[in-house]
Amino acid sequence: MSQAFVEIRHAQKSYGQLEVLKDISLNVDRGQIVAIIGPSGSGKSTLLRAINDLDPLTGGEIWLDGVQVNKALPHRQYEKHINQMRQEIGMVFQHFNLFPHLTVRENVTMAPKLLKKISDKEANALAEEQLDHVGMLERIDYYPAQLSGGQKQRVAIARALAMKPKLMLFDEATSALDPELVEEVNLVMKKLAQEHMTMIIVTHEMDFAASVCDRVLFMDQGVVVEEGPPEQVFKNPTQERTRNFLRKHLEGAK
Amino acid sequence: MGLDFSVLPPFYGTLALGVLWTIAITAASAVLSFFGGILLAVIALYAPMAIRLPFRFVAWLFMGTPLLLQLFLIYFGLVQIGIDLPAFVAGVIGLGFHFAVYNSELIQTAMIAVDKGQMEAARTLGLSRRQALIKVVVPQAVRDVIPPIGNNMIALLKDSALVSVIGVSELTLSAQRAIGQTYRAFEFYAAAAVLYYIINLGMEAVLRWFENRNRLYR
Ligand SMILES: Nc1ncnc2c1ncn2[C@@H]1O[C@H](COP(=O)(O)OP(=O)(O)O)[C@@H](O)[C@H]1O
Ligand SMILES: [Mg+2]
């Protein structure tokens, strides 16, 4: 049986009585870029955070490149396994979550040095390469507190990329930014798209999703209501709920 | 009999040695109380109940009983069960653990206050929980409580005088020995007080240096 690069099979997640994800399945091919849109509280973050097991599923399976991420193992073995898997899954958060006590350089090199046992010299070369990639090389010895939001997010992307992940997850990476800082982060993400990084992007920016993504998922109340290429989901949605959401969103953006 | 500070010079050597021992025991206890405080905080927040409860009990003992009594117990009491510690070591253990408990309270509060996104970001990169604690959570928590930990260290310096009772030749005991020979209590106690104050100023300078080093992170 051939497998997709990323497979989410019958993902289910409950918090007590509250069912947040209801039997969600999703395949993403290598190099594909998928956007997840939907109203607040629909389960987008929960789904994204289930992929690297930050919020473990209560049912279903996550597969990456032929390996099950959330496989059942005894606790100790599972910890080893999941730490290994997470090295292959980069994640970018709405609020950046840079390490404030470390310089930009140290933010980028900390995990590779610790987990891949690379030398200081290799780590420095890696930091310079990744920071150059996101246009932040000049701030390599700054502390996060000395950066703008857009700069912080670009460093956070470089930090994730330094682990050479197979998959990148973005959870509303530009939502906390002042409008004038959104574009610099979007540009970096577009660059990754051109380099065929596999990405799953939770976003509320429909224009951005339409311009970079191969596929769009519309989620509402824990289910995927509609999915397809951006032209179809944005221009000719088949579902009433999608139409409503897009209409409200357009009005809100005005 | 009036005051006569000319009795001091013959004992400069004694007092200087006392200053050195006071600095030594304070520094050693401060280091123990700092790292012990971190360890106790991590245990209190993350260890399983079976480990956490006995530690909490011991912490409660250290906080709820006089330090003087603890020093007596460690130095004179432990001998009876075959643990014969040198006075200096007993003093460092007593002072170090006593203040480790106080430091751990501060560090625990600061660790809880570190944004949850920090642990998440570290785990997302593939760090284990232990690695994330050591590299991300603890360093931030400690930086946040350097000023109050500094206050504890000043208190530690002053309480180090207590180890004179188990025979560590630190500043207070040195002064007492000089008084024993000269019967000049005021002169030598005053000299000791001045010397404590000077050590105190030195410690405050060191603490300010640590605090300034951390300015940039905020
Ligand atoms: N830790 C939690 N405990 C209980 N409910 C939660 C928790 N995290 C999220 N939820 C609930 O799950 C639902 C989906 O949340 P989320 O995935 O954050 O939505 P979105 O990212 O689409 O805005 C919401 O109703 C939210 O209140
Ligand atoms: Mg969300």
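Residues numbered from 1 in each chain as written. Chains lettered and ligands numbered in written order. Predicted model: local features only at pLDDT ≥ 70, side-chain atom pairs only at ≥ 80, totals over all residues. Heavy atoms only, no water.

J.: Provide a residue-level description of the nonpolar core, including the pertinent values.
T.: Ranked by size, the top nonpolar core spans 93 residues in total, and within it B:Leu127 and B:Phe188 carry the most contacts. The element best represented in this core is helix H4 (residues 87-113) of chain B, accounting for eight residues. When sequence neighbours within four positions are dropped, the list of residues in contact with B:Phe188 reads B:Val7, B:Leu8, B:Phe11, B:Leu15, B:Ala175, B:Ala178, B:Ile179 and B:Thr182. Formed by 48 residues, the second largest nonpolar core is a distinct cluster that contains A:Val92, A:Ala160, A:Ala193 and A:Met197. (Core = buried A, V, L, I, M, F, W, Y, C linked by side-chain atoms within 4.5 Å. Buried < 20%, exposed > 50% of the residue type's maximum accessible area, 1.4 Å probe, protein only. Helix = DSSP H or I, 4+ residues; strand = E, 2+ residues; numbered from the N terminus. Contact = heavy atoms within 4.5 Å.)

J.: Just give me the short version of the sheet that holds strand E2 (residues 18-28) of chain A, but keep the residues and values in it.
T.: Residues and elements named next belong to chain A. A sheet is described by the order of its strands in space; here four strands give the open sequence E2-E1-E4-E5, paired in antiparallel fashion. At either margin of the open sheet sits one strand with a lone partner, and together these are E2 and strand E5 (67-68). Looking at chain direction, strand E1 (residues 6-15) and strand E4 (residues 59-64) are connected through five bridges and run antiparallel. Within E4, the position partnered with Gln12 by the bridge is Gly59. (Pairing = 2+ DSSP bridges.)

J.: I'd love a proper account of the sheet that holds strand E10 (residues 223-228) of chain A, names of residues and values included.
T.: Residues and elements named next belong to chain A. Spatial ordering of the open sheet is given by E6-E7-E8-E3-E9-E10, a layout of six strands whose pairing is mixed. Edge positions in the sheet fall to strand E6 (89-92) and E10, since each has one partner strand and no second. Strand-to-strand twist across the sheet, computed as the mean angle between neighbouring axes with direction ignored, equals 15 degrees. Pairing of strand E9 (residues 215-220) with E10 involves five bridges; the strand directions are antiparallel. The residue of E10 that forms the bridge with Leu217 is Glu227. (Axes fitted to C-alpha atoms, helices over the stretch in contact; angles between N-to-C directions.)

J.: Provide a residue-level description of the UniProt feature "domain: ABC transmembrane type-1" (unreviewed entry) in chain B, including the pertinent values.
T.: Following the UniProt record, one finds the feature "domain: ABC transmembrane type-1" (unreviewed entry) at residues 19-207 of chain B. Secondary structure content for residues 19-207 of chain B is 83% helix and 0% strand, while the C-alpha to C-alpha distance between its ends is 19 Å. (UniProt positions renumbered as here; feature names shortened; annotations may be inferred.)

J.: Go over unusual backbone geometry with me, naming the residues and quoting the values.
T.: Residues and elements named next belong to chain A. Despite not being glycine, Asp23 has its phi angle at roughly 50 degrees, a positive value. If you trace the backbone, Asp23 turns up in strand E2. Judged by its relative accessible area of 49%, Asp23 is partly exposed. Its identity is not glycine, yet Asn97 carries a phi of approximately 55 degrees, on the positive side. Note on placement: Asn97 falls in the loop between E6 and helix H3 (104-116).

J.: Kindly report on the interface of chain B and chain A, identifying the contributing residues and their values.
T.: Accessible area lost when the parts come together is the quantity often used to give the size of an interface. Counting residues at the interface gives 21 residues for chain B, matched by 25 residues for chain A. Summed over both sides, the interface between chain B and chain A buries roughly 2100 Å², with carbon and sulfur atoms accounting for 62% of that surface. For B:Glu120, the salt bridge goes to A:Arg49, with nearest N and O atoms at 2.7 Å. In this assembly, chain B and chain A are joined by seven residue pairs in polar contact (both at pLDDT 80 or more). At the level of secondary structure, the elements contributing two or more residues to the side of chain B that touches chain A comprise helix H5 (116-124) and helix H6 (129-144) of chain B. Among the elements that line the side of chain B that touches chain A, the one with the most residues is H5(B), at seven residues. When grouped by side-chain class, the residues that make up the side of chain B that touches chain A number eight nonpolar, seven polar and six charged. (Buried area = accessible area lost by both parts, 1.4 Å probe. Salt bridge = Lys/Arg side-chain N within 4 Å of Asp/Glu carboxyl O. Polar contact = N/O pair within 3.5 Å; in protein donor to acceptor, adjacent residues only side chain to side chain. Nonpolar A, V, L, I, M, F, W, Y, C, P; charged D, E, K, R; others polar.)

J.: Can you lay out the pattern of salt bridges for me, pointing to particular residues and giving the numbers?
T.: Residues and elements named next belong to chain A. Under the criterion given, the structure shown has 16 salt bridges over all chains. Linking Asp65 and Arg30 is a salt bridge whose minimum nitrogen-to-oxygen distance equals 3.5 Å. Residue Asp65 is found in the loop between E4 and E5, and its partner Arg30 is found in the loop between E2 and strand E3 (33-37); the two are separated by 35 residues along the sequence. As a salt-bridge pair, Arg105 and Glu128 come within 4.0 Å of each other at their nearest N and O atoms. Linking Arg105 in helix H3 with Glu128 in helix H4 (residues 120-133), this pair joins segments that are 23 residues apart in sequence. Three or more residues joined by partner-sharing salt bridges are found here, namely Arg30, Asp65, Glu88 and Lys166.

J.: Outline the UniProt feature "domain: ABC transporter" (unreviewed entry) in chain A, supporting the account with residue identities and numerical values.
T.: Listed under "domain: ABC transporter" (unreviewed entry) in the UniProt record, and renumbered for this structure, are residues 6-246 of chain A. What you have in residues 6-246 of chain A is 40% helix and 25% strand, and the ends, taken at the C-alpha atoms, are 27 Å apart.

J.: Account for the packing of aromatic side chains, with residues named and values stated.
T.: Evaluated as defined, the whole model comprises 10 aromatic pairs over all chains. Ring pairing ties together the aromatic residues B:Phe72, B:Tyr75 and B:Phe76, which thus form one cluster. The aromatic ring of A:Phe99 is capped on one face by A:Arg159, whose charged end is 4.5 Å from the ring centroid. (Phe/Tyr/Trp six-rings, centres within 6.5 Å; stacked < 30°, edge-to-face > 60°. Lys NZ or Arg CZ within 6 Å of the ring centre and 35° of its normal.)

J.: I'd like to hear about the layout of surface pockets, residue by residue, with values.
T.: Reported here for the largest pocket is a volume of approximately 780 Å³. Lining the largest pocket we find 17 residues, and of these A:Arg76, B:Ser128, B:Arg129, B:Arg130 and B:Leu133 sit closest to its centre. Elements supplying a minimum of two residues to the lining of the largest pocket: helix H2 (75-87) of chain A together with helix H1 (12-46) and H6 of chain B. Residue composition of the lining of the largest pocket, grouped by class: eight nonpolar, three polar and six charged. Taken as a whole, the second largest pocket holds about 670 Å³ of empty space. (1 Å grid on protein atoms, 1.4 Å probe; cavity = no way out; pocket = protein on both sides within 12 Å on 5 of 7 lines; lining within 4 Å. Points joined across faces, edges and corners; volume = space filled by probe spheres on them.)

J.: Would you mind going over the packing of helix H7 (residues 146-159) of chain B against helix H9 (residues 185-213) of chain B in detail, with residue names and values included?
T.: All names here are of chain B. In contact at an axis separation of 10 Å, H7 and H9 are set at 160 degrees when each is read in the N-to-C sense. In terms of their interaxial angle, H7 and H9 are classed as roughly antiparallel. Once H7 is placed against H9, the crossing between them reads as right-handed. Packed against H7, whose contacting residues are Ile146, Pro147, Gly150, Met153, Ile154 and Leu157, the element H9 presents Tyr196, Ile199, Asn200, Met203, Glu204, Leu207, Phe210 and Glu211 at the interface. (Parallel < 35°, antiparallel > 145°, perpendicular 65-115°, else oblique. Left-handed = near helix turned anticlockwise from the far one by under 90°.)

J.: How would you sum up the site of ligand 1? Please name residues and give values.
T.: Residues and elements named next belong to chain A. Taken together, Tyr15, Val20, Pro39, Ser40, Gly41, Ser42, Gly43, Lys44, Ser45 and Thr46 make up the full set of residues adjacent to ligand 1. Gly41 is positioned with one of its backbone polar atoms (N or O) 2.7 Å from an oxygen atom of ligand 1. Note that an oxygen atom of ligand 1 is positioned 2.7 Å from one of the side-chain N or O atoms of Ser45. Looking at the shell around ligand 1 element by element, the count peaks at three residues for helix H1 (residues 44-51). (Near = heavy atom within 4 Å.)

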